[in-house]
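# Structural overview
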Amino acid sequence: MIAKRPIELTVNGKQCEGLVEARLSLADFLRDHLGLTGTHLGCEQGICGSCTVLFNGESVRSCLLLAVQAHGGEVLTVEGLAGLAKDGEALHAIQQGFLETLGFQCGFCTPGFLLTVYELLGENPSPSEAEIREHLSGNLCRCTGYQNIVAAVLWAAERLRVNSE
Amino acid sequence: MAEASSRFIGRGVKPHKTKRFLTGGGVYVSDIRLPNMLHAALVRSIHAHARICGVDVQQALRLDGVAGVWTGDDIKDRISLFPESFEIHPRPWLEGVKPVLQGPRPAALAQGKVHYVGEPVAIVVAEDRHRAEDAVDAIVVEYEALPVVVDPGEALKDGATLVHDDSKDNVVFSFKVNKGNIDQILREAPYTLRERFRHHRYCAAPLEGRGIVAWVEPKTNILTVWSSTQMPHLVRRQIAAQLNLPEETVRVIAPDIGGGFGPKVFVYPEEILVPFLALQLGRPVKWVEDRREHFISTAHGRDQVHDVELAFDENGLILGLRDRFLLDNGAYNPMGLTDAYNTAAHLQGPYKVPNLSVSGTCVSTNKVPNAPYRGAGRPEAVFVMERCVDLLAAKLSLDPAEVRRRNFVQPEEMPYHAGILYRDGEPICYDSGNYPETLAQALKAAGYEELRKQQQELRQRGRYLGIGIGCYVEGTGVGSFEGAKVRIDPSGQIVVATGATGHGQGHETIFAQIAADLWGVSPEDVRLVEGDTSSIQFGCGTFGSRSTVNVGSALFEASARLKEKVLQLAAHLLEANRDDLEFGNGKIFVRGMPQRSLSFSELARAAVPGWASKLPDGLEPGLEETFYFVPATVTWANAAHVAVIEVDSDTGEIKLLDYVVSHDAGKLINPLLVEGQIHGGVAQGIGAALYEEICYDPNGQLLSGSFMDYLLPGSMEVPKIKTVHLESPSPLNPLGIKGLGEGGAIAPPAAIANALADALLPFTAQVNEIPLSPSRVLELIRRTWPMSPDCF
């Protein structure tokens, strides 16, 4: 019988708790214990970026972070992004940008990109195309060829600047 | 040609119908959870070739939470063998080509012997995935290692180890096609060249791997299976056949699919094993692969070696081509001659090749099975021909674009008979297209003339700019069929069901646009149901750049028939003449009297049986029609790619400065989605040309088993891609559509290899294989010697 540990963390603004084996990844905790299946597993080796969430404000690979390591922390997943939209809007500007420019096709890598972009625009509200491509270089997409994703980020950056005026 | 207004066809309608992907609302197979669900994990072979002497499962069975372990012995009398391949062979093709077809029939779990690292040996089921994997680790398999075959050339030699015991040699499939007299032309031609080209092994690597959930639905007793597949009807057929069940009692659903690209097009052992276990255990069972497992179990692609002889004259006209090639099958080839024959069918490209001989041989080796991946044999063909054209140009000191212009099939020569059969058994006939114009547009967008000037200047300064062209034609919309079932729901919504199974292409948008124009509604009023065997009786699936052509055409025909019935009903209810009625704004109205109208909702509610019926005599209840479109043959798209690179002769690094795609895929339904397909395809082609490589060692051990070794191109590696659209509508279907899902991936290896050879022209580097890693580029530079600077 493998020992389980109690954990408590805030996910998308809500207090959550669980009783988990030490070997359980944060991704598996989010997906299987909390039912937040928007975070996807593309490699479980930390390379593809599909599992990216924000942990205490920073992007992390939730497939490599253990759930017990997240104890006491704050996590933002794709399911929490719309809640951060401007009042009255159903989708966050970043999500709207992906819709406008067809920044997604199969959707599997998309949650990881959305959170990585959220982190980027929080640090750098007016990134150049080169800066965008560099910041996103840790997220793999097999469908879009990245061009429309870059366009989505530029669209969202512009919309967020307008929103804040 | 077609009765459809173009209110929505041709417009870049946005993908609102899949906006759930933006909020974490996609449901992929690993997101599906059912009450009391168990989890499976597989024991896979660690040897490339070995006999199984024993499988000890006792330790595993004693572990907490383990529900059972099944080995090859346990299932051999309960799950029948897979077919030799899933390819359908049309009779005219079999008779015309007379191929050799002698593949082995795989079992769901290894029977006494393993043939590749990764082959399934046993399956464990436990309460959760962790426990299932713990049990896998506790299972001890005793192997007796056998000699390993990893090179197809070696596999063909006399006395080579046989990959499959009951075969006479390692050839599984082969064919030869001819036209004209190649022997004579090679003897007599003023010029010939002889080259060997290698198109290496790489793979589709969709971001979502494979996975299956199966359960027996309690009330109906229907074995319900969710699989990350491109072919739910095929999966259903196989499950029913191999588990000896009526198809009626099996339902297969493709949930949201995180990328397909080819390897999800046939049926895998796990797709039979997991449903089998659900039946055995009476509980839902789930299996999802991880990436490491994916690389050793999901099909690889390409892997061809070509020995080529080209005959040409002093004007740069191609006189003939002989190509003998080997395809490294791996241990199984689930799709038979699909790739190899596609290669033969696409070799001539957009050119006139008066004499041709192609022979393809699929050879067994102890590697993961090889199956079609986006392009399916076409990239290999295009690599051969496009490199040959550039070599011919270099030999005669002609501009490579000019050589192409001289050899193109001209627009006034359409329709053009290429002289051999397509794999659907029909003679290849390029139906429409303007190949010189396609190339001209690509060169213009790339700024070709200016680039040639820059190239000369940079060369003086020891910098190497390269411009590479890749032209191709693509047979699209292949059969054998696809269906559309169109129904008007009592709400007034139009529901379209089809066996196609999109995985990111935007079917829900595309087919809504077509239906909207056919019916005079807006795309929001149309709902697409796909990827579910219970929604339409027969289905083929989504692969081969075929869905828009086949589903669009089926939708057109089904709608034409249903509109006829709707008109008859409306005429009866409105007491008007059928010829005075029109469709518009979701209603049928009397021409000139818009107040005399009926909505689709009213019509659907009138077309019921029984006391509420308002049907006239002779009309059956329901507003529904199904049509299965069987294309006469493929319809031919074409494109020209231009790659502009700079090579660093010290580091061997290739920088992609520009990439242009000029393409013609007939009538375009949604330009935004079209560009998405092109960008994605080109990115995959760039990966193949520069980064991706499946590597095996001499013992058949896979060395590139993770994304750390198998390098997918990222946002820094894929440049901005310029696209130019041309439209030569297809004469073969009512809407004039051609396919384009694969196109972007077909030419990049050729265009980039040509660009490198062009950049290194002063060095006469022999660019005959990919990927062009920096170390390989340096090898190419160092192995050669510089020619005089004014050679070109």
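Keep in mind it's a predicted model, so treat the numbers as computed, not measured.

### Some words on the overall build of chain B
For chain B, the helix and strand inventory stands at 21 helices and 29 strands. Expected size for 792 residues packed as a compact globule is a radius of gyration near 28 Å; at 28 Å, chain B falls within 12% of this value. Dimensions of chain B, computed from C-alpha atoms along their principal axes, come out at roughly 90 × 75 × 50 Å. Counting across all 792 residues of chain B, residues that qualify as buried make up 58%. Put simply, of all contacts in chain B between residues at least 6 apart along the chain, 81% involve residues at least 24 apart.

### Describing the domain arrangement of chain B
All names here are of chain B. By the assigned domains, chain B splits into domain 1 (16-25 + 479-629) and domain 2 (301-478 + 632-782). Distance between the C-alpha centres of domain 1 and domain 2: 39 Å. Among the residues forming the side of domain 1 that touches domain 2, the class breakdown is four nonpolar, eleven polar and one charged.

### Structural notes on the sheet that holds strand β25 (residues 593-599) of chain B
Residues and elements named next belong to chain B. Spatial ordering of the open sheet is given by β23-β24-β25, a layout of three strands whose pairing is antiparallel. The strands lining the two open edges of the sheet, one partner per strand, are β23 (581-584) and β25. Between one strand axis and the next, the sheet turns through 35° on average, direction left out of account. Bridge analysis of β23 against strand β24 (residues 587-590) gives four bridges, and the strand direction is antiparallel. Across the sheet, Phe583 pairs through a bridge with Ile588, a residue of β24. Across the sheet, helix α16 (residues 547-574) touches β23, β24 and β25, and the angle it forms with β25 is around 120°.

### As for the sheet that holds strand β21 (residues 494-498) of chain B
Residues and elements named next belong to chain B. Within the open sheet, the four strands sit side by side as β22-β21-β20-β26. Their pairing is mixed. Both outer strands of the open sheet, β22 (526-530) and β26 (624-629), are each paired with one neighbouring strand and no more. Each strand axis lies, on average, 20° off the axis of its neighbour in the sheet, ignoring direction. Set on the sheet, helix α15 (residues 507-519) makes contact with β21 and β22; between it and β22 the angle comes to about 135°. Packed onto the sheet, α16 meets β20 (482-488), β21 and β26 and runs at close to 40° relative to β20.

### Re the interface of chain B and chain A
Tallying the contact residues gives 43 residues for chain B and 44 residues for chain A. Top contributing element to the side of chain B that touches chain A by residue count: helix α18 (residues 671-691) of chain B, with seven residues. Split by residue class, the side of chain B that touches chain A holds 18 nonpolar, 16 polar and nine charged.

### Some points on the packing of helix α7 (residues 232-242) of chain B against helix α8 (residues 269-281) of chain B
All names here are of chain B. Following both chains from N to C, one finds α7 and α8 inclined at 60°, their axes separated by 10 Å at the closest point. Looking at the two axes, α7 sits oblique to α8. Crossing of α7 over α8 shows right-handed handedness. In this structure, α7 uses Val235, Gln238, Ile239 and Gln242 to contact α8, whose residues at the interface are Glu271, Ile272 and Pro275. Residues that form the contact of α7 with α8 fall into these classes: four nonpolar, two polar and one charged.

### Some thoughts on the packing of helix α2 (residues 93-101) of chain A against helix α3 (residues 110-123) of chain A
Residues and elements named next belong to chain A. Following both chains from N to C, one finds α2 and α3 inclined at 125°, their axes separated by 10 Å at the closest point. Taken together, the axes of α2 and α3 are oblique relative to one another. As for how α2 packs across α3, the hand of that crossing is right-handed. Packed against α2, whose contacting residues are Ile94, Gln95 and Phe98, the element α3 presents Thr110, Leu114, Val117 and Tyr118 at the interface. Residue classes in the contact of α2 with α3 are distributed as five nonpolar, two polar and no charged.

### Focus: the domain arrangement of chain A
All names here are of chain A. Assigned domains of chain A: these are domain 1 (4-80) and domain 2 (82-163). A separation of 21 Å is found between the C-alpha centroids of domain 1 and domain 2. Of the residues lining the interface, 17 residues belong to domain 1; the matching set on domain 2 comes to 14 residues. The biggest single contributor to the side of domain 1 that touches domain 2 is strand β3 (residues 52-55), with three residues. Here the residues of the side of domain 1 that touches domain 2 are counted per class, giving six nonpolar, eleven polar and no charged.

### Focus: the pairing of strand β2 (residues 14-21) of chain A
Residues and elements named next belong to chain A. Two strands pair when backbone bridges link them, and strand β1 (residues 4-11) and β2 are joined in this way by eight bridges, in the antiparallel orientation. Each residue of the ladder has a partner; that of Val11, found in β2, is Lys14. The turn joining β1 and β2, which pair antiparallel and follow one another in sequence, is formed by two residues; a positive phi near 50° is taken by Asn12.

### Here's the deal with unusual backbone geometry
Residues and elements named next belong to chain B. The amide bond that connects Gly479 to the next residue, Ser480, takes the cis arrangement and shows omega of 15°. Along the chain, Ile770 connects to Pro771 via a cis peptide bond; the corresponding omega equals 0°. For Pro771, the location among the structural elements is in the loop between α20 (748-759) and α21 (774-782). The phi dihedral of Ala205 falls on the positive side, at around 45°, and the residue is not glycine. Looking at where Ala205 falls in the secondary structure, it is placed in the loop between β9 (191-202) and β10 (211-216).

### What about the environment of B:Gly743?
Residue and element names in this part refer to chain B. Relative to the helices and strands, Gly743 is located in helix α19 (residues 743-746). The class for Gly743 is buried, based on 30 C-beta atoms found within 10 Å. The residues touching Gly743, leaving out its near neighbours within four places in the chain, are Glu474, Ser545, Ala637, Ala639, His663, Ala665, Ile678 and Gly681.

### Description of the nonpolar core
In a soluble, globular protein the nonpolar side chains are often hidden away together inside. Ranked by internal contacts, the top residues of the largest apolar core, which has 304 residues, are B:Val124, B:Ala515, B:Leu555, B:Val642 and B:Leu756. Ignoring sequence-local partners within four residues, the contact set of B:Leu756 consists of B:Gly466, B:Ile645, B:Val647, B:Ile654, B:Val767, B:Leu772 and B:Val777.

### Some details on α15(B)
All names here are of chain B. With 13 residues, α15 extends 18 Å from end C-alpha to end C-alpha; this agrees with the ideal 18 Å at 1.5 Å per step. Of all 13 residues making up α15, twelve are buried, and the element is well covered by its neighbours. For α15, every residue scored as buried is listed here: His507, Thr509, Ile510, Phe511, Ala512, Gln513, Ile514, Ala515, Ala516, Asp517, Leu518 and Trp519. Packed against the buried residues of α15 are β21, β22, α16, β23 and α18.

### Some points on the confidence of the model for chain B
Looking at chain B, pLDDT values average 95 and 98% of them are 70 or higher. This complex was scored by the predictor with a pTM of 0.97 and an ipTM of 0.98.

Parameters at a glance
Residues numbered from 1 in each chain as written. Chains lettered and ligands numbered in written order. Predicted model: local features only at pLDDT ≥ 70, side-chain atom pairs only at ≥ 80, totals over all residues. Helix = DSSP H or I, 4+ residues; strand = E, 2+ residues; numbered from the N terminus. Rg over C-alpha atoms; globule rule 2.2 N^0.38 Å. Buried ≥ 20, exposed ≤ 12 C-beta atoms within 10 Å, placed from the backbone. Contact = placed C-beta atoms within 7 Å. Domains from an automatic or database assignment. Nonpolar A, V, L, I, M, F, W, Y, C, P; charged D, E, K, R; others polar. Pairing = 2+ DSSP bridges. Axes fitted to C-alpha atoms, helices over the stretch in contact; angles between N-to-C directions. Parallel < 35°, antiparallel > 145°, perpendicular 65-115°, else oblique. Left-handed = near helix turned anticlockwise from the far one by under 90°. Core = buried A, V, L, I, M, F, W, Y, C linked by C-beta atoms within 7 Å. Expected span 1.5 Å × (residues − 1). pLDDT = per-residue confidence, 0-100.

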